[in-house]
Amino acid sequence: MLKIVINNQIVPDSEKMAYIMSGEGWPTSYTDIQSLLDYFPDEQEIMLELHSCGGDTTEGWAIYDALRASGRTIHAKVVGECASMATIIFLAAPKERRSIAKHGRMLIHSPYFPDAGAVTRDNIGALQATLEEEHNKMLNEYIARTGTDKETLEAQMSAGGWFDADRAVALGFAGFIAPELSASTPKKDMKKNRLKAALEAFCAAFA
């Protein structure tokens, strides 16, 4: 199984060095993910772990598309926090293979320009149209991949607050809360716990 960890900002290659030099850690770009997929072509299962507050939307969509186009079996897990564009990447795995740690949290919000530059009456309309387009793009993907209705998701995006693991499951982002397994847990019990969690997620989907 190929393990992919995204535990920092999502940025394009052109911004990575500045981000690293600022001491903010090592960000993730589309190139990083695609290079891993290319380097390990025989690994047909992926474990994607996310602890990221998101970042660049274009880069995030590219990572999401690359994972879904890989044709591989994808498992995804939120550890810590998953926000903004990282929530889209999380949805690359099907719901029954998406989990969140007990103390994990998530945040979805309407997109915004972190630095819009000089906003004038001549370009404010174009900026608004771009934001509206991105908002609808994210919302439609949330609806398709979570199974939750538009009104509920749009309200959550507008609220923009963090929500816990239980809420993540209720909204359909995660299929189940990841079992807490210590190093001393027998392997047969670990397998039983995973099967139980998967069964509960399956039953919840048809409840």
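Structural data are supplied above this passage.
So, how was this worked out
Residues numbered from 1 in each chain as written. Predicted model: local features only at pLDDT ≥ 70, side-chain atom pairs only at ≥ 80, totals over all residues. Heavy atoms only, no water. Helix = DSSP H or I, 4+ residues; strand = E, 2+ residues; numbered from the N terminus. Buried < 20%, exposed > 50% of the residue type's maximum accessible area, 1.4 Å probe, protein only. Contact = heavy atoms within 4.5 Å. Core = buried A, V, L, I, M, F, W, Y, C linked by side-chain atoms within 4.5 Å. Arc of directions from axis to C-beta. Polar contact = N/O pair within 3.5 Å; in protein donor to acceptor, adjacent residues only side chain to side chain.

Quick look at the environment of Ile-100 now. Checked against the element boundaries, Ile-100 lands in strand β4 (residues 98-100). Overall, Ile-100 belongs to the buried group, its relative accessible area being 0%. Considered as a pair, Ile-100 and Asp-166 are 66 residues apart in the sequence and their alpha carbons are 9.0 Å apart. When sequence neighbours within four positions are dropped, the list of residues in contact with Ile-100 reads Val-78, Arg-105, Met-106, Ala-165, Ala-168, Ala-174, Phe-176, Ile-177 and Ala-178.

Right, let's talk about the nonpolar core for a bit. Leu-67, Phe-90, Met-106, Tyr-142 and Phe-173 are the most contacted members of the largest nonpolar core, which totals 40 residues. When neighbours within four sequence positions are excluded, Phe-173 is seen to be in contact with Phe-90, Leu-91, Arg-98, Met-106, Ile-108, Tyr-142, Thr-146, Leu-153, Phe-163 and Ala-168.

Residues of helix α6 (residues 150-159) that are buried include every one of Leu-153, Gln-156 and Met-157, and no others. Down the axis, α6 shows its buried residues gathered within 100° of arc, on one side only. The exposed set on the far side of α6, more than 90 degrees from its buried face, consists of Glu-151, Ser-158 and Ala-159. Measuring from the side-chain oxygen of the N-cap residue of α6 to the backbone nitrogen of Glu-151 gives 3.3 Å; that N-cap residue is Asp-149. Count one or two residues on from α6 and you reach Gly-160, which has phi positive near 65°.

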